[in-house]
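# Understanding the architecture of this molecule
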Amino acid sequence: MAAPAAARRVRRFWGPRGGPSTLRAFSTIIPRVSQVDNSSDFLGNIPHRRHPGVLHLRSVRLPAELVKAAQLLVEQSTVHGLKDQVVALTNYLWSRKRPLEASELQRRGQQLEQQLREKVQPRTADASSPLTDAEKEKLQRRVLNRLRKTTYHWEALRYTDELSLVYMAARLDGGFAAVSRAFHEIQKRVPAFAPRTLLDFGSGTGSVSWAAHGAWGQTLREYLCVDSSAPMLTLAERLLQGGSESPQTPLFPGVYFRQFLPVSPKVKFDLVVSAFSLNELPSLAERRETIQTLWRKTDGFLGGDKVVHDPREAHVFAPCPHHLPCPRLNPERPLPCNYLQAYHPLPFHWNLALKEELFSFLILRRGPGEGEEPWPRITQAVLGCARHVHCHLCCADGSLQHAVITARRHGRDLYRCARLSHWGDRLPVTMPPGEAVPGE
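Within each chain, residue numbers correspond to sequence positions counted from 1 in written order. At least 70 in pLDDT is required for a residue's local features to be given in this predicted model, at least 80 for side-chain atom pairs to be given and counted, and no such filter applies to totals for whole chains, interfaces and linings, which use all residues. Processing note: side-chain calculations cover all non-hydrogen atoms of the structure and skip hydrogens and water entirely.

To continue, consider the overall build of the chain. By definition, any uninterrupted DSSP run of H or I lasting at least four residues is a helix, any uninterrupted run of E lasting at least two residues is a strand, and each is numbered from the N terminus. For the chain, the count of helices and strands is 12 helices and 14 strands. Burial classes follow relative accessibility: with a 1.4 Å probe on protein chains only, a residue under 20% of its type's maximum area counts as buried, one over 50% as exposed, and anything between as partly exposed. For the chain, the proportion of its 440 residues judged to be buried stands at 44%. Only carbon and sulfur atoms are counted for the fraction: they give 53% of the accessible area of the chain, which is about 24300 Å². Using a 1.4 Å probe, accessible areas were evaluated by the Shrake-Rupley method; residue-level cover was limited to the displayed protein chains.

What follows is the structure, given as C-alpha cells:
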C-alpha cells in the first residue's frame, strides 16, 4: 500500500509528464559560494540523516491512555452508524470554507446586477434610464436567486453530545498529530523553552493539552482549555478521566475547562495555541480581534501587534524563514502552505494502520528572534534522482526557489543532507543577501 501512495504523491507534485529532466530547465542552482552554513564541518559526528535542519517526525502515536479512553467512550455511546457519520463529518470539514464577508457579498451582488440588468430591461430602452418598479423587483429576484446558487452557505457548527463524539472519532488523532509536529519544531529549535502555562483556544477534544503534556509535561503546571461548546468540554474532561462516566482522578493534573477567555489583560501564558478553530469564527473582523487578544495573552509562543504592557514584537518562528508576505499567496495562482505528518490513527475498524494529516501552521514568538538561522524551508516532497536532488525552497528573501543540488557543485555534505531531507525540514544552507541565483 505504501508504494502506490508514494507514487501518487510524486505525481501530485511533479505532474503526469515532463519529469525531472524537463523541470531542471526551469530550476535554479544554489550558488557554489553558499555551500553549507557556517563551515564545511557543520555536521561534526552527526549523520547526514540527522542534520540540524531535520524537523520531521516519522509517525506520531497517541498516548495509550488517550486511545483507551477514546475507545471506551465509543463503546459506551449509543450513536448509530458511527462509521458513516465519521466519514460524512470528515468530508464536510475538509470541504468547509470560511464565511463570505458582507462587503464581498455586496460586491458580487452589484456585479450580478450589472450583468442581469440588460436581460430585465427591454433592448429598445435606454440603458441609462431608470427601471420601473416591476423591472426592479424582477432584477432583485434574479440577483438573489443567482447569489443563492453561487455563494457558499456557511453555518456555525453546534456541537451536541452526539456530534462531539463523532468529531472525536474523526479528528482527535489527526489534530493531535498536527499539533505534535508544531510542538516538535519548538522543542528541536529551542530546547531551553520550558513552559509552565498553556492556553488552548477552541480546545475541542483537548488534543492540544495531551500533545503539550507529552512535550513539556515535566514543567507545565496549568492547561487552560477554552471552548464555546459545553458538550465538547464535557467530552474532553471525560477523555482526561480515562473515559469514565463518573468523576475520576485526571490522567495528568492542572487542566481547567472554560467557555470564555480570561478577561483580565494581566493573565498571560507561556504558550498559546489555537488549532483548527479560527476559521470557525464568523467574520474576518472577529478573527483579527481574537488573534490580537490571544497575542496579548502570549508570553512566549503563539501560533501581532504591539501592546502597552509588553512591547516585544512578534517574530515569525515557523514555518517561514522571513517576515515578508507569503510568496505562495500569489493573487494569480495562490498555493496553500501545507505540510504532511504521518500518524497512527485510533484503532477503529474503519481506520487504516497509518494515515497522513495535511495541515498548515504558523508559530509566532515574542522578541527579535536573534540567533535564528535563516535556512530555507523545504515546501514540497524532495525528489532524489541520479546524482542530483530537487528541492523546492521558501527562502529568507521571501522567494520560492526550485533548487537542484549536486555533490560536484555543492559538496557531498549538502548533497547528502538534501537527499535525506523531507518535506517540512529546513535545509542548512545560507543564501548570500542580494545575490542573484543563476539558472541551470
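For any pair of aromatic rings, the description consists of the separation of the ring centres together with the inter-plane angle of the planes. Aromatic rings from Phe, Tyr and Trp, taking only the six-membered ring of Trp, are treated as a pair when their centres fall within 6.5 Å; an angle between ring planes under 30 degrees marks them as stacked, one over 60 as edge-to-face, and anything in between as tilted. Under the counting rule described, the total for this entry stands at 10 aromatic pairs. Among the aromatic residues, ring-to-ring pairing joins Phe183, Phe193, Trp216, Phe301 and Phe317 into one connected group. Across the ring face of phenylalanine 317, the terminal group of arginine 189 is positioned such that the distance to the ring centre comes to 4.0 Å. Between the NZ or CZ atom of arginine 366 and the centre of the ring of tryptophan 295, over which it lies, the distance is 4.1 Å. Whether a charge lies above a ring is judged from NZ of Lys or CZ of Arg, which has to be within 6 Å of the ring centre and within 35 degrees of the ring normal.

Strands qualify as paired when DSSP identifies two bridges or more between them. Pairing within the open sheet is mixed, and its 7 strands lie in the order S4-S3-S2-S5-S6-S10-S7. Of all strands in the sheet, those bounded by a partner on one side alone are strand S4 (255-258) and strand S7 (314-318). Ignoring which end each strand starts from, the neighbouring axes of this sheet average 25° apart. Only heavy atoms enter the contact rule, under which two residues are in contact if any of them lie within 4.5 Å. Note on geometry: axes are C-alpha line fits, over the in-contact stretch for helices, and angles between N-to-C directions span 0 to 180 degrees. Along the sheet, helix H7 (residues 161-189) contacts strand S5 (269-273), strand S6 (298-302), S7 and strand S10 (363-366); its crossing angle with S7, the most-contacted strand, is approximately 105°. Sitting on the sheet, helix H9 (residues 230-240) touches strand S3 (222-226) and S4, and the angle it makes with S4 is about 165°.

In these notes, a set of buried Ala, Val, Leu, Ile, Met, Phe, Trp, Tyr and Cys residues joined through side-chain atoms within 4.5 Å is what counts as a nonpolar core. Met168, Phe183 and Leu271 are the most contacted members of the largest nonpolar core, which has 60 residues in total. Among the elements that take part in this core, H7 stands out by supplying 14 residues, more than any other. Those residues in contact with methionine 168 that lie beyond four places of it in its chain are Ala70, Leu73, Val74, Thr205, Leu235, Leu239 and Leu346.

Bringing the sheet that holds strand S9 (residues 355-359) into the picture now. Judged by pairing direction, the sheet is mixed, and its 3 strands sit side by side in the order S1-S8-S9 without closing on themselves. The open sheet terminates on both sides in strands that have one partner only, identified here as strand S1 (60-61) and S9. Across 2 bridges, S1 lies against strand S8 (residues 339-344) in parallel orientation. Residue pairing in the sheet places arginine 61 in a bridge with histidine 344 of S8.

On to helix H8 (residues 207-216), then. The buried fraction of H8 is high, at 8 of 10 residues. The set of residues buried in H8 consists of Ser207, Val208, Ser209, Trp210, Ala211, Ala212, Ala215 and Trp216. Buried residues along H8 sit in contact with helix H3 (64-76), H7, strand S2 (197-201), S3, H9 and S5.

Take H3 next. By this rule, a helix spans an expected 1.5 Å times one less than how many residues it contains. Taking 1.5 Å per residue, 13 residues should reach 18 Å; H3 reaches 18 Å between its end C-alpha atoms and fits that length. Here H3 has its buried residues at Leu66, Val67, Ala69, Ala70, Leu73 and Val74. For H3, the angular spread of the buried residues around the axis is 165°, confining them to a single face. Exposed side chains of H3 directed beyond 90 degrees from the buried face belong to Ala64, Lys68 and Glu75. Looking at the packing, one finds that the buried side of H3 touches helix H4 (82-95), H7, H8 and H9. This arc corresponds to the set of directions leading from the helix axis out to the C-beta atoms.

Moving on to the pattern of salt bridges. Salt bridges are identified by distance alone: a Lys or Arg side-chain nitrogen within 4 Å of an Asp or Glu carboxyl oxygen. Enumeration over the complete set of coordinates arrives at 11 salt bridges. Here arginine 287 and glutamate 101 are joined by a salt bridge, their closest N and O atoms 3.8 Å apart. Here arginine 287, found in helix H10 (residues 284-296), pairs with glutamate 101, found in the loop between H4 and helix H5 (102-120); they are 186 residues apart in sequence, far enough to count as distant. Classification of glutamate 101 by relative accessible area gives partly exposed; the value is 24%. Here glutamate 185 makes a salt bridge to arginine 189, at a shortest N to O gap of 2.8 Å. Residue glutamate 185 and its partner arginine 189 are both found in helix H7; the two are separated by 4 residues, about one turn of the helix. Shared partners join several salt bridges into a network, and the residues in it are Arg181, Glu185, Arg189 and Arg377.

Turning next to the packing of H7 against H8. Between H7 and H8, the least distance of the axes is 9 Å, while the angle of their chain directions is 35°. The two elements H7 and H8 meet at a crossing, and its hand is right-handed. Along the contact surface, H7 presents Leu172, Gly175, Phe176, Val179, Ser180, Phe183, Ile186 and Gln187, while H8 presents Ser207, Val208, Trp210, Ala211, Ala212, Ala215 and Trp216. When residues are sorted by character, Ala, Val, Leu, Ile, Met, Phe, Trp, Tyr, Cys and Pro go into the nonpolar class, Asp, Glu, Lys and Arg into the charged class, and all the rest, Gly among them, into the polar class. Grouping the constituent residues of the contact of H7 with H8 by class yields 11 nonpolar, 4 polar and no charged. Working rule for handedness: look at the near helix, and if it is turned counterclockwise from the far one by less than a right angle, call the crossing left-handed; if clockwise, right-handed.

A cluster of basic residues, Lys138, Arg142, Arg146 and Lys149, forms a positive patch at the surface. Tracing the chain through its elements places lysine 149 in helix H6 (residues 133-150). When its relative accessible area of 66% is taken as the criterion, lysine 149 is described as exposed. Exposure above 30% relative accessible area and no salt bridge define the residues that can form patches, which grow by joining like charges within 9 Å and nonpolar side chains of Val, Leu, Ile, Met, Phe, Trp and Tyr within 5 Å. The charge count includes Lys and Arg as positive and Asp and Glu as negative, but it does not include His or the ends of the chains. Taken as the charge centre is NZ of Lys, CZ of Arg, CG of Asp or CD of Glu, depending on the residue.

Turning next to the side chain of serine 244. If you trace the backbone, serine 244 turns up in the loop between H9 and S4. Counted as a polar contact is a pair of N or O atoms within 3.5 Å, where, for protein atoms, one must be capable of donating a hydrogen and the other of accepting one, and residues adjacent in sequence contribute only when both atoms are in side chains. A distance of 3.5 Å separates a polar atom in the side chain of serine 244 from a polar atom in the side chain of glutamine 248. Setting aside residues no more than four positions away along its own chain, serine 244 makes contact with Leu72 and Arg238.

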